Amino acid sequence: MADCLVVIPTYNEIENIESIIRAVFTLSHPFHILIVDDNSPDGTAEKVVELQKEFRDKLHLSVRKKKSGLGTAYVHGFKWALKHQYEFIFEMDADFSHNPNDLEKLYSSCKNDSADLAIGSRYVTGVNVVNWPLSRVLLSYFASVYVRMITGMKIMDATAGFICYKREVLETLKLDRIKFIGYAFQIEMKYRAFAKGFVIKEVPVIFTDRTKGQSKMSGAIIKEAVFGVISLRFRKMFNRL
Ligand SMILES: Nc1nc2c(ncn2[C@@H]2O[C@H](COP(=O)(O)OP(=O)(O)OP(=O)(O)O)[C@@H](O)[C@H]2O)c(=O)[nH]1
Ligand SMILES: [Mg+2]
């Protein structure tokens, strides 16, 4: 029985889906994958169904009716992972911004180095971001500075979406209470884990901008993060996390 499940949310990732799946399955550790697709009009899910014939029992697919945001896609994937008894559950994007080869480093941090939650972090050893415009790097970097100031969490990359969770973390966090969908979702998960006293470690990774497919980043996602962090701080103060 495999112990690791990589949850990959997708919306219109037809240009990346096959190669990202193949990249994960070439790793030496036997990772399983769950794709959570929001009924992508470009046929992403159909491609996964086709690949399931080749990767029976280790490639899973859950299709939701409509585009409902990254946060809810992950919550959906986490519940599926818990139900199917995986011990280590990963978050990873489909667009190769996260290098699948780093999955093993994150796994090792949780398995051998006492982390409950391991973050693939862009900012522990300088700024390890390739091909992002400066404006995007600054936004992301200062988002983490802002999160550190407001929450007191000592995490260099608070919006990172490349994560390994031990099962126990996802069992403990009340997944139905997760509110946010974009960057704020990533912050919220880390903050809830921090509030529960879980050990969080950052593992340096290099993040590369997508070369194929379209970004789903938007102004609404940034706004949600700016106000969301303040609301999280208040909720923690009143013990509502
Ligand atoms: N299921 C689902 N997946 C989504 C949704 N929005 C984004 N995704 C996926 O989540 C991952 C991250 O989305 P991106 O568009 O790369 O967002 P980002 O990484 O913040 O932005 P870029 O750096 O510009 O790529 C990708 O695998 C997307 O396909 C959504 O509403 N539903
Ligand atoms: Mg991306």
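Since this is a predicted model, take the numbers as computed values, not measurements.

*Asks:* What is the right way to read the overall build of the protein chain from this model?
*Replies:* Helix and strand counts for the protein chain come out as 8 helices and 9 strands. A compact globule built from 241 residues would reach a C-alpha radius of gyration of about 18 Å, and the protein chain, at 17 Å, matches this within 12%. If you line up the protein chain on its principal axes, its C-alpha atoms span 50 × 35 × 35 Å. Out of the 241 residues in the protein chain, the part that is buried amounts to 53%. For the protein chain, restricting intrachain contacts to residue pairs at least 6 apart in sequence, the fraction spanning at least 24 positions comes to 80%. Of the roughly 11,100 Å² of accessible surface on the protein chain, 55% is carried by carbon and sulfur atoms. Looking at the protein chain, you have 34 positive and 27 negative side-chain charges, and the mean spots of the two groups are 7 Å apart.

*Asks:* Got a minute to help me understand a nonpolar patch on the surface in this structure?
*Replies:* Together, Ile230, Phe234, Met237 and Phe238 make up an exposed nonpolar region whose accessible area comes to about 430 Å². Examined against the element boundaries, Phe238 turns out to sit in the segment after α8 (219-237).

*Asks:* Sorry, what's going on with the environment of Val226 here?
*Replies:* Looking at the element boundaries, Val226 is found in helix α8. With a relative accessible area of 35%, Val226 lands in the partly exposed category. Between the C-alpha atoms of Val226 and Tyr183, which are 43 residues apart in sequence, the distance is 9.4 Å.

*Asks:* What's the story with the sheet that holds strand β4 (residues 88-91) in this structure? I'm lost.
*Replies:* Pairing in this open sheet of 7 strands is mixed, and the strands run β3-β2-β1-β4-β7-β5-β8 from one edge to the other. Each end of this open sheet is capped by a strand with a single partner; those strands are β3 (59-63) and β8 (200-204). Going from strand to strand, the sheet's axes swing by 20 degrees on average, the running direction of each strand aside. By the bridge criterion, 4 bridges tie β4 to strand β7 (residues 163-166) in an arrangement that is antiparallel. Its bridge partner lying in β7, Phe90 is registered against Cys164. Each of β1 (4-10), β2 (32-37) and β3 touches helix α2 (residues 44-52); the most contacted strand, β3, lies at about 150 degrees to it.

*Asks:* Would you take a moment to explain the site of ligand 1 for this structure?
*Replies:* Close to ligand 1 lie 19 residues; Glu13, Asp38, Asp95, Ser215 and Lys216 are nearest. Contact distances for ligand 1 include 2.8 Å between an oxygen atom and a backbone N or O atom of Pro9. Within the contact set of ligand 1, an oxygen atom lies 3.3 Å away from a side-chain nitrogen or oxygen of Asp93. Look at ligand 1: alone it shows 630 Å² of surface, and the protein chains cover 93% of it. Partitioned by chemical class, the residues of the shell around ligand 1 number 7 nonpolar, 4 polar and 8 charged.

*Asks:* Looking at this structure, I do not really get the nonpolar core. What am I missing?
*Replies:* Most often, soluble globular proteins have nonpolar side chains that are buried together. Residues Phe78, Ile89, Tyr165, Phe185 and Met189 are the most contacted members of the largest nonpolar core, which totals 46 residues. The residues touching Tyr165, leaving out its near neighbours within four places in the chain, are Phe78, Glu87, Phe88, Ile89, Glu91, Asp116, Leu117, Leu170 and Met189. Core analysis: the second largest hydrophobic core is formed by 30 residues, Ile21, Val48, Ala115 and Cys164 among them.

*Asks:* What's the story with the packing of aromatic side chains in this structure? I'm lost.
*Replies:* Any two aromatic rings considered together are summarised by their centre-to-centre distance and by the angle between their planes. If you walk through the whole model with that rule in mind, you get 12 aromatic pairs. Geometrically, the ring pair formed by Phe31 and Phe90 is edge-to-face, given 5.4 Å between the ring centres and 85 degrees between the ring planes. Placement of Phe31 in the loop between α1 (17-25) and β2 and of Phe90 in strand β4 is noted, with a sequence separation of 59 residues between them. Given a relative accessible area of 1%, Phe31 falls into the buried group. The exposure class assigned to Phe90 is buried, which follows from its relative accessible area of 0%. Note on Tyr74 and Phe78: the rings are 5.8 Å apart at their centroids and 20 degrees apart in plane angle, and the pair reads as stacked.

*Asks:* So what exactly am I meant to see when it comes to a positive patch on the surface here?
*Replies:* A contiguous patch of positive charge on the surface is contributed by Lys174, Arg177, Lys179, Lys196 and Arg240. With respect to the helices and strands, the residue Lys196 is situated in the loop between α7 (183-195) and β8. Looking at Lys196, the relative accessible area reads 40%, which means it is partly exposed.

Here is what the cut-offs are and how they apply
Residues numbered from 1 in each chain as written. Chains lettered and ligands numbered in written order. Predicted model: local features only at pLDDT ≥ 70, side-chain atom pairs only at ≥ 80, totals over all residues. Heavy atoms only, no water. Helix = DSSP H or I, 4+ residues; strand = E, 2+ residues; numbered from the N terminus. Rg over C-alpha atoms; globule rule 2.2 N^0.38 Å. Buried < 20%, exposed > 50% of the residue type's maximum accessible area, 1.4 Å probe, protein only. Contact = heavy atoms within 4.5 Å. Areas by Shrake-Rupley, 256 points an atom, 1.4 Å probe, with all protein chains shown as cover. Lys, Arg positive; Asp, Glu negative; His and termini not counted. Charge placed at Lys NZ, Arg CZ, Asp CG, Glu CD. Patch = residues over 30% accessible without salt bridge, like charges linked within 9 Å, V, L, I, M, F, W, Y side chains within 5 Å. Salt bridge = Lys/Arg side-chain N within 4 Å of Asp/Glu carboxyl O. Pairing = 2+ DSSP bridges. Axes fitted to C-alpha atoms, helices over the stretch in contact; angles between N-to-C directions. Near = heavy atom within 4 Å. Polar contact = N/O pair within 3.5 Å; in protein donor to acceptor, adjacent residues only side chain to side chain. Nonpolar A, V, L, I, M, F, W, Y, C, P; charged D, E, K, R; others polar. Core = buried A, V, L, I, M, F, W, Y, C linked by side-chain atoms within 4.5 Å. Phe/Tyr/Trp six-rings, centres within 6.5 Å; stacked < 30°, edge-to-face > 60°.

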